[in-house]
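Residues per chain are reported as follows:
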Number of protein chains: 2
Amino acid sequence: MRIALAQMRVRARCPRENLAVVREYLALARMQGARVLFCPEMSVPGYLIGDDWERPSFLSSITESHALLAQHAMSLGMRVVFGSVGVDSFQKGEDGRTRRYNAAFVSIDPHKEESERARSRNSVVAHSNAPVFLEHPLTGLPFFPKTLLPAYREFDDPRHFHCLRRLSLETKIPLENLLAIVDFDGLRSGLSLCEDGWDDDYSVKPMALQVNTQGARALFNLSCSPYTFGKRDKRVRLFSGKAQALKVPLFYVNAVGSQNIGKTLYGFDGGSLAFDAQGSLLYEGGFFREELAVFDIDDSENTQDPTTASLVRVVEVRAPFASHPNIPKAPPSLAAVSTASFASQCPPPTRREAALERLVALENILALTCDAWGIRRVVVGVSGGIDSAVSATLFARVLGPQEVYCVNMPSQYNSALTQNAARVLASRLGCPYAAAPIQASVNLTLAELKRLQFDPASTQNTLNITPLVAENVQARDRSARVLSAVAASLGAVFPCNANKAESTVGYSTLYGDQSGFLAPLADLWKHEVYELAHAYNENVFQREVIPKETLEVVPSAELSETQDVTRGQGDPLVYPYHDALFRSWTEHWERLGPEDVLAHYLDGSLENVLGCEQGLIRRIFPSPSTFVNDLERWWTLYLGMGAFKRVQAPPVVALSRRTFGFDKRECVGPFEWSDAYLALKSKALSQSHNA
Amino acid sequence: MRIALAQMRVRARCPRENLAVVREYLALARMQGARVLFCPEMSVPGYLIGDDWERPSFLSSITESHALLAQHAMSLGMRVVFGSVGVDSFQKGEDGRTRRYNAAFVSIDPHKEESERARSRNSVVAHSNAPVFLEHPLTGLPFFPKTLLPAYREFDDPRHFHCLRRLSLETKIPLENLLAIVDFDGLRSGLSLCEDGWDDDYSVKPMALQVNTQGARALFNLSCSPYTFGKRDKRVRLFSGKAQALKVPLFYVNAVGSQNIGKTLYGFDGGSLAFDAQGSLLYEGGFFREELAVFDIDDSENTQDPTTASLVRVVEVRAPFASHPNIPKAPPSLAAVSTASFASQCPPPTRREAALERLVALENILALTCDAWGIRRVVVGVSGGIDSAVSATLFARVLGPQEVYCVNMPSQYNSALTQNAARVLASRLGCPYAAAPIQASVNLTLAELKRLQFDPASTQNTLNITPLVAENVQARDRSARVLSAVAASLGAVFPCNANKAESTVGYSTLYGDQSGFLAPLADLWKHEVYELAHAYNENVFQREVIPKETLEVVPSAELSETQDVTRGQGDPLVYPYHDALFRSWTEHWERLGPEDVLAHYLDGSLENVLGCEQGLIRRIFPSPSTFVNDLERWWTLYLGMGAFKRVQAPPVVALSRRTFGFDKRECVGPFEWSDAYLALKSKALSQSHNA
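Residues numbered from 1 in each chain as written. Chains lettered and ligands numbered in written order. Predicted model: local features only at pLDDT ≥ 70, side-chain atom pairs only at ≥ 80, totals over all residues. Heavy atoms only, no water.

**As for the overall build of chain A**
Here's step 1: Counting its regular elements, chain A contains 23 helices and 19 strands.
Here's step 2: Its C-alpha radius of gyration of 28 Å places chain A within 12% of the 26 Å reference for a compact globule of 691 residues.
Here's step 3: Reported as C-alpha extents along the three principal axes, the dimensions of chain A are approximately 85 × 60 × 60 Å.
Here's step 4: Within chain A, the proportion of its 691 residues that are buried is 66%.
Here's step 5: Counting only carbon and sulfur atoms, one obtains 51% of the accessible surface of chain A, whose full area is about 22900 Å².
Here's step 6: Placing the 70 positive and 76 negative side-chain charges of chain A at their respective mean positions leaves the two points 2 Å apart. (Helix = DSSP H or I, 4+ residues; strand = E, 2+ residues; numbered from the N terminus. Rg over C-alpha atoms; globule rule 2.2 N^0.38 Å. Buried < 20%, exposed > 50% of the residue type's maximum accessible area, 1.4 Å probe, protein only. Areas by Shrake-Rupley, 256 points an atom, 1.4 Å probe, with all protein chains shown as cover. Lys, Arg positive; Asp, Glu negative; His and termini not counted. Charge placed at Lys NZ, Arg CZ, Asp CG, Glu CD.)

**Looking at the interface of chain A and chain B**
Here's step 1: Opposite the 120 residues of chain A that make contact, chain B presents 120 residues.
Here's step 2: A combined buried area of about 10000 Å² lies between chain A and chain B, and 54% of that area is made up of carbon and sulfur atoms.
Here's step 3: For the interface between chain A and chain B, the tally reads 14 salt bridges.
Here's step 4: For the side of chain A that touches chain B, the leading source of residues is helix H14 (residues 467-489) of chain A, giving ten residues.
Here's step 5: Of the residues belonging to the side of chain A that touches chain B, the class tally is 60 nonpolar, 25 polar and 35 charged. (Contact = heavy atoms within 4.5 Å. Buried area = accessible area lost by both parts, 1.4 Å probe. Salt bridge = Lys/Arg side-chain N within 4 Å of Asp/Glu carboxyl O. Nonpolar A, V, L, I, M, F, W, Y, C, P; charged D, E, K, R; others polar.)

**Topic: the packing of helix H1 (residues 15-31) of chain A against helix H2 (residues 56-75) of chain A**
All names here are of chain A.
Here's step 1: For the pair H1 and H2, interaxial distance at closest approach is 11 Å and the crossing angle is 15°. With respect to H2, the element H1 is oriented roughly parallel. In the crossing of H1 with H2, the sense of the turn from one axis to the other is right-handed. Contacts from Pro-15, Leu-19, Val-22, Arg-23 and Leu-26 in H1 reach Ile-62, Ser-65, Leu-68, Leu-69, His-72 and Ala-73 in H2.
Here's step 2: Among the residues making up the contact of H1 with H2, the classes are represented as eight nonpolar, two polar and one charged. (Axes fitted to C-alpha atoms, helices over the stretch in contact; angles between N-to-C directions. Parallel < 35°, antiparallel > 145°, perpendicular 65-115°, else oblique. Left-handed = near helix turned anticlockwise from the far one by under 90°.)

**Digging into the relation of the copies chain A and chain B**
Here's step 1: Once chain A is rotated about the relating axis by 180° and shifted along it by 0.0 Å, it coincides with chain B to within an RMSD of 0.0 Å. This pairing of chains is accounted for by a two-fold axis. Closest approach to the rotation axis within chain A is made by the C-alpha atom of Gln-648 of chain A, at a distance of 2.0 Å.
Here's step 2: A share of 100% of interface residues in chain A that are also interface residues in chain B marks the association as one of identical surfaces. (Least-squares fit on C-alpha atoms with pLDDT ≥ 70 in both.)

**What to know about the side chain of Glu-587 of chain A**
Residues and elements named next belong to chain A.
Here's step 1: When you line up the elements, Glu-587 lands in the loop between helix H18 (575-586) and helix H19 (594-602).
Here's step 2: Of the polar contacts made by the side chain of Glu-587, one reaches the side chain of Ser-656; its length is 3.4 Å.
Here's step 3: The residues contacting Glu-587, other than those within four sequence positions of it, are Lys-500, Asp-523, Trp-525, Ser-656, Arg-657 and Arg-658. (Polar contact = N/O pair within 3.5 Å; in protein donor to acceptor, adjacent residues only side chain to side chain.)

**Remarks on the sheet that holds strand S7 (residues 187-193) of chain B**
Residue and element names in this part refer to chain B.
Here's step 1: With mixed pairing, the six strands of this open sheet are ordered in space as S6-S7-S8-S9-S12-S13. Of all the strands in the sheet, just strand S6 (180-184) and strand S13 (281-284) have a single pairing partner and so form its edges. Direction aside, the axes of adjacent strands within the sheet are offset by 20° on average.
Here's step 2: As judged from the five bridges shared by S6 and S7, these two strands associate in the antiparallel manner. Along S7, the bridge assignment pairs Phe-184 with Leu-187.
Here's step 3: Packed on one face of the sheet, helix H8 (residues 231-246) meets strand S8 (218-222), strand S9 (250-253), strand S12 (273-275) and S13 and runs near 30° to S12. (Pairing = 2+ DSSP bridges.)

**Topic: helix H12 (residues 416-429) of chain A**
Each α-helix turn comprises 3.6 residues. Residues three or four places apart therefore point the same way.
All names here are of chain A.
Here's step 1: For H12, with 14 residues, the first-to-last C-alpha span of 20 Å sits near the 20 Å given by 1.5 Å per residue.
Here's step 2: For H12, the complete set of buried residues consists of Thr-418, Ala-421, Ala-422, Leu-425, Ala-426 and Leu-429. Looking straight down H12, one finds its buried side chains confined to an arc of 130°; they lie on one side. Exposed residues lying more than 90 degrees from the buried face of H12 are Ala-416 and Ser-427.
Here's step 3: Looking at the buried residues of H12, the elements they touch are helix H11 (386-399), strand S17 (404-408), strand S18 (433-435), helix H16 (526-541) and helix H17 (548-552). (Expected span 1.5 Å × (residues − 1). Arc of directions from axis to C-beta.)

Nothing here speaks to function; it is geometry throughout.
This is how it looks when you write it as structure tokens:
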């Protein structure tokens, strides 16, 4: 039997466009002689659509479109398998609303008389007399629900969907009898959705049950699984291991695209997979590329022998972002390894390889997002520093340099060095450039503030304009006065150039440099931003585009005399240490708290635990008390002002294991130092005192 | 047996403070002769703490504090029952991390030799040799997990916690045998947590199982259930119905306080409940007031007779916000009804009663939030309009008028009428006041923008400063330039005065009037803001404090010549209609989409469905095509620019059935008009054409 996987672009909340894409893939698959086309999870409505699932008219319109798609496939003599929302209007979900499932739909085999098996309900759903979808014999539902609903990171499946586990509990039907087992041209197949394959942390193992209790001879998994760094590696190992352990070929089809849940933007990188019954990789889908992969599968007549599978052809459909010739279609860390041997012997990527992977991912996610949001032009506030330089470069690559308007906005504190670097960057990229000095406006504001008097006399009648207030006036003048208006006047938007270290502790000005339509770098630590810059100069452009001065100048906000880069004065963050420290709070699997950090500091293991250079901590902190002060300062900002500012921060492009926003949920408010922390602190301070 | 309910204030992420409060209640309860004290769900760590559950050191510190609390209760000869996080370090949760439960802890009866029943695990958790918590005989866990985990609105329980349903599935122990049944001085009691009582939409009914299969003779529910308008009514009916149907007395203890999940701020209003075995209300806890309620419970010797229960005494502990003498402790809609008859015959509140309930709730939530966040002073931008007037009044009541700095920021477009109204408001409230005209700064900005030129020549070399750009320049000048700096200079913050109608469609300027530390009114429709203003003048102050001019002037942004209030020119929103329309999209149980609205318009039922005045729609829209244009304009803004702006909006105080932010989750991006909508639109436009 010949089947095809549609690694298609899925647009959230755009079913008509998605259906047109499925039809395109159906036509392509038919040309390749395939009998069944497999599309990703939620490929009709999109996956990350917030609470739009609650709108009954939206559900109806999706449900009606399913039937038309199935009829179309049948008219081509094909079957289409796709993920979408399965609505059971006869039942309530646990939110009290119409019950919805994250489900797989299987159109009826046009070559067989299956329709007699499909009864009443199906016709209700299809709004026509002829059933078009296969029903589960026990549930009677014309679709097959997901078993495992992820409820971590960005995933809210239990919020939106009912699942097989709940259904089994309600109906008392053993779960294994509710799983999706479908006969494709005589091949008894287990069909599942995304998380059903990621079963490590669940007591139920859907794929193993499909093979071991239901006799499946091949497995198909429909996914809509977002990109994060390192996930592809895990994905290949996981599914290879499943195929090998269960001795069946396994096919995994994932979407391409960009979807978001408001505060967090995800890229979907494709990376569809096929393994033979020995777990060897037959195919891995391109990185952020739309393609169709065609396979032949033959079930052995002897059921002792495994089913065989082989790749027939890969048809390129579209690359949403046409990459630069110097950038490979797959990032080097992926492409370097022969696919067949991947699962067993993938070396960890070098720092440069990691930077290139992130760069390709970022460019694709930005291209997809700008396309979806109708953004064709941006204004970038270029300071001459590293973050804005990388941001401008990213957008110049994605939108074309002529659509990236660079604005440098010096106050009296900005050095000629950085102003010059900003101008040089724009010129080398080929971007329109303007200088818009802010000092006149800042002076006016400060003068007005000094004059302001409240009446009648109150506790505090006039304003106390501290240096910090004056710094923030500059930052807000740039973003909320200049960039916002310039962008609006050009029919453009402007990005927020914050990195993750700044975001973690709120080292930014609200309504100032924290502003922007999205934050492309806010899931990258400062050193990772530098690595992107080097990768651009050395691998992509193969010349110095991001100026040497930008790469070498001390990172600084240049908002006061005490932040003079010509005297080497910069940020209060010592990035080689603080990047690693903040990472341990936010991304380490076992999140570190201040008590853990202090304990490691006291026993000398902190540099090892954080993965930073030996001797660094002693160089930065002359005594335990300076260490403790620094730790308390940043931890307080992380849980306090940082969290407060993140509530109003722009959407972040997710790249890491944990991204601020909807992926890392937070409350705002006070916290306590634990007894364990306070005991360690006493110990540390007494060492300081004794030293 | 005498027991007590602790309607205590719970502070998120402040276990030490919470434990001190529990100890205080234990002492009070002992003075009242109570043997058992019941505290709310999650009363040690707080409930809404985002993903802080993932930090192992935080979990350890909470777990250690439990044992000390139980030992303290035992030393007083008492038992303490409280909700907190139950950690099972031997198992993983479905997120792959240490398994956590939302659980009830029951300290061991100091008068009985129960300790032999408590074995190995308990001592691991307590870090001491003597077991201090009752274990479940089958699970061996020294706590009793929640059965039903809410996953709607603001609730993310399945994200953070394992539950009895999953445990039952894993262990194959029937769920009813896993439920919490505790013997309190011979009274066989069912203990449950919050959602376990709200079982309407679940196939499992924990309380009914506790009584009908486990022989419970009384029920106790520990809750941490936030305030929203109308919930108290539902709460009383629900639990009264349970007591009546199951023929047992039922005790429900809820927390007081303010907790948030970043973008959405919740008040916890107390409202603890006790019912006798006939379902009659014995007690309802004060609205946002800390108190201890003491009851005597006697189990009948004849198990055919129900257990009896009676209220002994209510001890007032604290009112977080000392209300004005004209404001009753409970809102009038609640206080007006005799408690005994509430469940059966509660009349719907009048509009004024509803306004007073919202007013009391808002004042308490703001007081609790400012207290938690350490905010003692605010700056309010007072425009002379209704929203800023109500906002200033709220804060003047909560923080004292001397701490509410009112700033009026006129441009050339602001009328003398509104400027005067702003000054009068501040004077009547007794707030410090200043005028800070923005025209000089706006002129400078517009002049600078006009001069700006990009180099080299690009597609668009100079800026196109449209009227909309110039309007937004003013709005951002006020918030990001003036208010931000004034607030910082006064050690204050400033609120965002947006209402829900504006928020729905993003009728506000990002980094302009959308800014603020929180948005007290953003869960109130415009007409509800007016109702608050009238309630203030007529019920609270009993004189005109919010000026007549503010109440009567047409709502207007006053940002251009076309928004001249002296000529009656104001917002593009016709609030009596658009409030109701937007409400149908966001708060109606069956969310309306454009196809539903248009269908109701065409069949003449829309005014009924929306609940607006008959004839209004015909008055506003002379033809179907004007109706369609308006519908498409606002729907596009609601899902488009409105959602985009809400990502960066301040936290909203939740009052309604659905609040923007974490309660109503959204994606940002395009959407499609459904086929059903397009068909109705053709029909409507052909009617327009034919008309």
